[in-house]
Amino acid sequence: MACFLDWSLCTLAHSSFQTIEGVIAMDGTLQALAQIFKHGKREDCLPYAVTVLQGLDGCRLPNSNQTLLRKLGVKLMQRLGLTFLKPRVAQWRYQRGCRSLAANLQPSTVNPPTVTTQAESPDDAEDYDVPEEVETVIEQLLVGLKDKDTIVRWSAAKGIGRVAGRLPKELADDVVGSVLDCFSFQETDSAWHGGCLALAELGRRGLLLPSRLADVVAVILKALTYDEKRGACSVGANVRDAACYVCWAFARAYEPQELKPFVASISSALVIAALFDRSVNCRRAASAAFQENVGRQGTFPHGIDVLTSADYFAVGNRSNCFLVISVFVAGFPEYTQPLIDHLVTLKISHWDGVIRELSAKALHNLTPQAPEYMASQVFPRLLSMTQSLDLHTRHGAVLACAEVALSLHRLAAQEGRLVTDFLDEKMVQGLREIHQQLHERQLYRGLGGELMRHAVCILIENLSLAQMPFKGDPIIEGWQCLINDTLRNLHLISGHSRQQVKEAAVSALAALCNEYYRTESGEAVPAVQKELMKQFLAMLQCSEEMTRCGFSLALGAFPGFLLKGHLQQVLCGLAAVTHISPEDVSFAEARRDALKAIARVCQTVGVSSEGAADQGLCQQNVAGVYDSLLACLRDYTTDSRGDVGAWVREAAMSSLLDLTLLLAREQPDLIEAAICKRVLCGLAQQASEKIDRFRAHAAHVFLALLHPEGPAIPHVPHRAELELLLPRSEVASVNWAAASQAFPRVTRLLALPTYRYHVLLGLVVSVGGLTESTVRYSTQSLFEFMEGIQSDPKALEDFSGALLQVFEDNLLNERVSVPLLKTLDQMLANGCFEVFTTEEDHPFCTKLLTLCKEEIKKSKDVQKLRASIAVFCGLVPFPGGVRKKVLLQLFLLLCHPFPMIRKTTAGQVYETLLTYGDTLDADALEEALTVLSNTAWDAELPLVREQRNRLCDLFHVPRPQLVPKTGAC
């Protein structure tokens with residue numbers, strides 16, 4: 001053993017943790033030494049302990065960047081400390097007596113069990129010498145508590161507990177004091193975390209005497225809320241989690257009467273952590289610790305009731321914790337004020353904006369539990385925080401003021417009182433001054449400006465809903481200016497928060513108008529109405545897309561009394577935004593928001609069939625509204641973001657649903673048959689297209705109109721057949737976003753003449769698309785339908801006619817024509833039109849050939865050309881003069897300027913001749929196949945042209961003639 005220890009010390013002295021070889025050697029040595037001092041006899045190891053300690057100290061492992069080495073160093077250090085101390089059980093340690101859960105859960109009237117704590121014995125007074133080396137060991141373990149890695153801190157904490165268990169009472173108490181020194185705000189989060197782990201270990205082993213509990217509980221309460229901002233995030237979740245572990249350990253370690261003085265603070269702190277901690281792990285740890293205390297201690301107020309609602313799984317949802325469970329827990333008086341105080345003190349100023357918003361909403365929900373406390377104590381604090389220099393504090397405080405004021409108003413309204421009964425004149429004045437003070441300090445500008453705009457817009461909305469006595473006050477004009485400025489400069493707000501700010505401004509405008517721009521008779525203030533209409537309608541033509549978005553939604557949020565007399569102007573202005581022009585073709589978001597605004601305006605003004613066009617929806621304006629909405633169903637704008645027109649189409653479908661259901665409810669006569677047909681056909685097309693989300697939305701809108709909850713929609717084409725093909729049971733049971741479920745049902749509509757063209761228009765885009773699942777199921781469904789009509793010549797003629805009409809209407813439209821060519825290729829290859837091969841020069845083949853020639857004329861689109869080659873090859877089996885025309889087109893493509901096209905054409909013609917060459921002369925066929933296979937079609941054009949002409953002669957097709965280029969005069 002002596003030789004091994006000498007070798008180990010030599011290794012430690014000469015190994016360096018700066019090299020891989022040194023790390024490996026030191027790693028093995030430390031592991032071996034740790035095992036020796038763990039399992040060896042103390043008498044054998046003690047003579048070498050001092051030497052090993054000195055060698056280990058000389059290695060300076062705390063400075064190593066190798067986590068494993070530092071951990072092994074701490075492990076060996078604690079083993080050395082145990083070797084220096086005699087193996088004895090400290091008689092002074094705290095020993096808990098009865099640990100019966102059943103006894104803890106008994107009613108308080110039952111006599112408590114006998115407590116046996118701190119059993120004294122004569123050995124306690126016995127002093128024994130503690131080697132000086134133990135001080136070095138403890139010092140190194142305390143350093144390990146502050147290590148940057150958790151596994152090192154955890155090993156050090158266990159070492160502290162083991163060594164302290166063999167020390168005299170006074171020295172062990174000094175160790176506890178040293179551990180408590182870790183809980184200083186000058187220390188790092190690592191020190192706090194290590195300190196918590198050490199306290200838990202000491203408590204578990206009974207080495208933390210009740211006399212120290214007051215100091216320990218104080219630091220643990222701080223650790224439960226420890227959170228330090230570091231850059232864009234924070235640290236401290238591990239500290240809070242470890243603090244919960246300490247509370248869990250204390251529940252098992254101490255008798256209820258020992259923790260009784262601290263029950264109120266610990267229970268409140270654990271409930272707060274379980275409900276309001278940002279980290280789900282910490283919330284669950286706090287819930288588990290609370291549960292352990294309820295079971296082991298039995299003294300936590302309303303423990304079972306709280307656990308029922310805030311159990312381990314319930315606290316997993318953060319919003320549910322803040323907004324629902326907290327209200328239930330606050331119903332118990334012991335927790336009401338601590339919950340509110342925690343939100344105001346820490347969470348309102350939290351670095352995470354989501355937490356600040358949830359905290360403000362939580363205060364809104366908690367206000368009815370303590371309205372007087374909120375009004376007299378909390379509200380003044382919040383008002384003072386609105387002028388804080390810290391952005392997060394200022395933002396959270398403004399949100400909280402808005403939410404609490406609205407909650408107090410609602411509570412007062414329930415009691416038949418005014419909100420000013422809760423808030424005195426000074427507080428009302430403070431609310432009035434928030435905007436002006438922020439404006440004067442220019443806090444709406446800069447990096448934090450968008451946060452403050454969002455918060456003040458919510459404040460304006462809530463104060464308006466709370467009916468604050470500001471009518472005629474100059475502050476209303478200031479609020480209106482802020483809303484206008486926010487909507488006008490939306491393009492300057494960062495993209496991630498733009499939508500949130502826009503929605504807040506629009507909601508604030510709606511509430512402001514409803515409360516402060518209405519006269520006692522319910523009419524609009526004329527001057528305000530005129531100015532708002534003039535300004536907002538003018539901004540719809542702004543060159544900034546986001547400005548159009550904001551003012552479109554703002555017009556949609558106007559209350560009915562402001563729209564009265566100006567409805568036609570508003571509808572025309574919004575309709576103009578939905579039109580696509582060369583200057584604003586990429587303004588898809590503006591068109592989307594204008595469509596939403598149109599639908600909202602229609603819902604606001606309602607139907608007035610006998611009234612004027614400026615009063616409500618009537619015969620004079622409903623057709624124009626439908627035209628604007630239906631035109632947007634054809635918006636397929638694309639840019640670098642992809643198919644942005646899909647946003648417009650989605651909004652158009654939603655608006656069509658709202659408008660049609662409104663008219664069906666109030667005035668069905670305004671829904672004309674032609675309009676209803678256009679609406680349903682447009683929806684049928686969208687329900688058969690390739691994007692899952694928008695296809696599902698279209699299907700839901702279509703079914704909502706077919707099976708409405710209210711009155712039936714008039715003039716639905718083929719209503720009876722549709723109800724059989726798409727029964728009401730499929731409204732909720734079918735997943736329309738799944739191609740496997742959607743396309744088999746959509747293709748049923750091909751049997752209905754009214755819908756056939758539009759379903760085909762959407763279906764060809766899906767069949768010729770790129771997404772594998774969409775292509776597979778749409779193709780399969782189309783082929784199943786085609787198989788069903790093969791025996792019905794009339795149905796086949798109608799289908800082929802509709803298909804050609806789709807092709808003709810979308811010539812040179814790349815979005816449709818290329819997928820359509822791919823669809824035709826698959827249909828021809830699958831024999832869908834094989835019936836037409838019995839007739840020479842069938843009109844379908846002739847017209848299809850003409851359309852394909854027109855589509856690829858002067859085209860340089862390789863994808864389109866390759867798709868057309870496949871269609872031409874699919875037309876070869878059709879007899880008559882059309883076959884020679886098809887072969888001529890293929891032979892022309894054999895001499896295309898692009899070598900890839902020439903090679904593709906040759907390959908596909910070769911395969912076609914092998915498949916359908918039985919109608920040709922055998923010798924000519926063999927020679928043609930030889931020419932096609934042996935010619936290098938990517939060679940120079942003169943050589944290729946010669947071989948192409950041979951093929952023309954073999955098939956009796958006239959040789960193409962070169963057209964000379966006309967020179968310049």
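All of these numbers come straight from a predicted model, not from anything done at the bench.

(A) A look at the overall build of the protein chain. Along its length, the protein chain carries 46 helices and 2 strands. Overall size of the protein chain, expressed as C-alpha extent along the three principal axes, is 120 × 90 × 65 Å. Counting the 969 residues in the protein chain, one finds 53% classified as buried. In the protein chain, the proportion of contacts linking residues at least 24 apart, taken out of those at least 6 apart, comes to 71%. Surface summary for the protein chain: the accessible area is close to 42,400 Å², and the carbon and sulfur share equals 53%. Charged side chains of the protein chain number 94 positive and 108 negative; the gap between the two group centres comes to 2 Å.

(B) The packing of helix α21 (residues 425-440) against helix α22 (residues 449-465), seen in detail. In the contact formed by α21 and α22, the axes pass within 11 Å of each other and the chain directions differ by 155°. Here α22 runs roughly antiparallel to α21, going by the angle between their axes. When you trace α21 past α22, the crossing you get is left-handed. Facing L431, I434, H435 and L438 of α21, the residues of α22 in contact are M452, V456, L459 and L463.

(C) Representation of the nonpolar core within the structure. Ranked by internal contacts, the top residues of the largest apolar core, which has 326 residues, are L431, Y755, F799 and F833. Counting residues per element, this core draws most heavily on helix α20 (residues 391-414), at 11 residues.

(D) Summary view of the UniProt feature "domain: Tubulin-folding cofactor D C-terminal" (unreviewed entry) in the protein chain. In the UniProt entry, the feature "domain: Tubulin-folding cofactor D C-terminal" (unreviewed entry) is given for residues 678-864. For residues 678-864, the end-to-end C-alpha separation is 31 Å, with 67% helix and 0% strand making up the annotated structure.

(E) Structural detail: helix α46 (residues 941-954). Over its 14 residues, α46 extends 20 Å from the first C-alpha to the last, a length consistent with the 20 Å expected when each residue adds 1.5 Å. Every buried residue belonging to α46 is among V944, Q947, R948, N949, L951, C952 and L954, and all of these are buried. Buried positions along α46 lie against α43 (881-893), α44 (899-916) and α45 (922-934). Residue H956 follows α46 closely and has a positive phi angle near 60°.

(F) Examining the state of the cysteines more closely. Under the definition given, this model contains 0 disulfides. Left unpaired, C481 is separated from the closest cysteine sulfur, that of C457, by 13 Å. For C542, which is in no disulfide, the shortest distance to another cysteine sulfur is to C549 and amounts to 11 Å.

(G) Here's a closer look at helix α25 (residues 526-539). The terminal C-alpha atoms of α25 lie 20 Å apart, and with 14 residues this matches the ideal 20 Å at 1.5 Å per residue to within 8%. Among the residues of α25, those classed as buried are Q529, L532, M533, F536, L537 and M539. Buried residues in α25, looked at end-on, bunch into an arc of 150°, giving them a common side. Facing away from the buried side of α25 by more than 90 degrees, the exposed set consists of A527, K530, K534 and A538. Residues of α25 that are buried sit in contact with α23 (474-488), α24 (495-516), α26 (545-557), α27 (560-563) and α28 (567-578).

(H) Representation of the environment of G710 within the structure. Mapped onto the elements, G710 comes out in the loop between α33 (692-706) and α34 (719-725). Put simply, G710 and R240 are 470 residues apart on the chain and 54 Å apart in space, counted from C-alpha to C-alpha.

(I) Region of interest: a negative patch on the surface. Among the surface-exposed residues, D57, E132, E135 and E139 lie close enough to one another that they form a single negatively charged patch. Within the fold, E135 resides in helix α6 (residues 133-144).

(J) Fine view of the pattern of salt bridges. Applying the stated criterion to the full structure yields 41 salt bridges. Between D584 and R548 there is a salt bridge, with the nearest N and O atoms lying 2.9 Å from each other. Separated by 36 residues along the polypeptide, D584 in the loop between α28 and α29 (588-605) and R548 in helix α26 bring together distant segments of the chain. Each of the salt bridges in this network shares a partner with another, and the network as a whole consists of K502, E589, R592, D593, D639 and R641.

(K) Inspection of the packing of aromatic side chains at higher detail. For the coordinates displayed, the defined rule picks out 21 aromatic pairs. A centroid spacing of 6.1 Å and a plane angle of 65° characterise the contact between W154 and Y245, whose relative ring orientation is edge-to-face. Residue W154 is found in helix α7 (residues 150-164), and its partner Y245 is found in helix α11 (residues 237-253); the two are separated by 91 residues along the sequence. Take Y245: its relative accessible area is 21%, and that puts it in the partly exposed class. Consider the rings of F536 and F558, whose centres lie 5.3 Å apart with planes at 40°: the pair is tilted.

(L) Representation of unusual backbone geometry in the model. Not every positive phi belongs to a glycine, and Q467 is a case in point at roughly 55°. Following the sequence through the fold, Q467 ends up in the loop between α22 and α23. The residue H956 is not glycine, and still its phi comes out positive at about 60°. Along the chain, H956 falls in the segment after α46.

(M) Representation of the side chain of H896 within the structure. Within the secondary structure, H896 is located in the loop between α43 and α44. A distance of 3.0 Å separates the side chain of H896 from the backbone nitrogen of F898, its partner in a polar contact.

(N) Examining the side chain of S688 more closely. Tracing the backbone shows S688 in the loop between α32 (673-686) and α33. Within polar-contact distance, the side chain of S688 engages the backbone oxygen of Q685 at 2.9 Å.

(O) Up close: the confidence of the model for the protein chain. Mean pLDDT for the protein chain: 88, with 93% of residues reaching 70 or above. Under a pLDDT of 50 for its full length, residues 108-126 has, in the predicted model, 21 contacts with residues more than four places off or in other chains.

(P) Up close: the environment of S933. Mapping S933 onto the fold places it in helix α45. Along the primary structure S933 and S655 are separated by 278 residues, whereas in three dimensions their C-alpha atoms are 59 Å apart. A distance of 3.5 Å separates the side chain of S933 from the side chain of N934, its partner in a polar contact.

Conventions and cut-offs
Residues numbered from 1 in each chain as written. Predicted model: local features only at pLDDT ≥ 70, side-chain atom pairs only at ≥ 80, totals over all residues. Heavy atoms only, no water. Helix = DSSP H or I, 4+ residues; strand = E, 2+ residues; numbered from the N terminus. Buried < 20%, exposed > 50% of the residue type's maximum accessible area, 1.4 Å probe, protein only. Contact = heavy atoms within 4.5 Å. Areas by Shrake-Rupley, 256 points an atom, 1.4 Å probe, with all protein chains shown as cover. Lys, Arg positive; Asp, Glu negative; His and termini not counted. Charge placed at Lys NZ, Arg CZ, Asp CG, Glu CD. Axes fitted to C-alpha atoms, helices over the stretch in contact; angles between N-to-C directions. Parallel < 35°, antiparallel > 145°, perpendicular 65-115°, else oblique. Left-handed = near helix turned anticlockwise from the far one by under 90°. Core = buried A, V, L, I, M, F, W, Y, C linked by side-chain atoms within 4.5 Å. UniProt positions renumbered as here; feature names shortened; annotations may be inferred. Expected span 1.5 Å × (residues − 1). Disulfide = S-S within 2.5 Å. Arc of directions from axis to C-beta. Patch = residues over 30% accessible without salt bridge, like charges linked within 9 Å, V, L, I, M, F, W, Y side chains within 5 Å. Salt bridge = Lys/Arg side-chain N within 4 Å of Asp/Glu carboxyl O. Phe/Tyr/Trp six-rings, centres within 6.5 Å; stacked < 30°, edge-to-face > 60°. Polar contact = N/O pair within 3.5 Å; in protein donor to acceptor, adjacent residues only side chain to side chain. pLDDT = per-residue confidence, 0-100.

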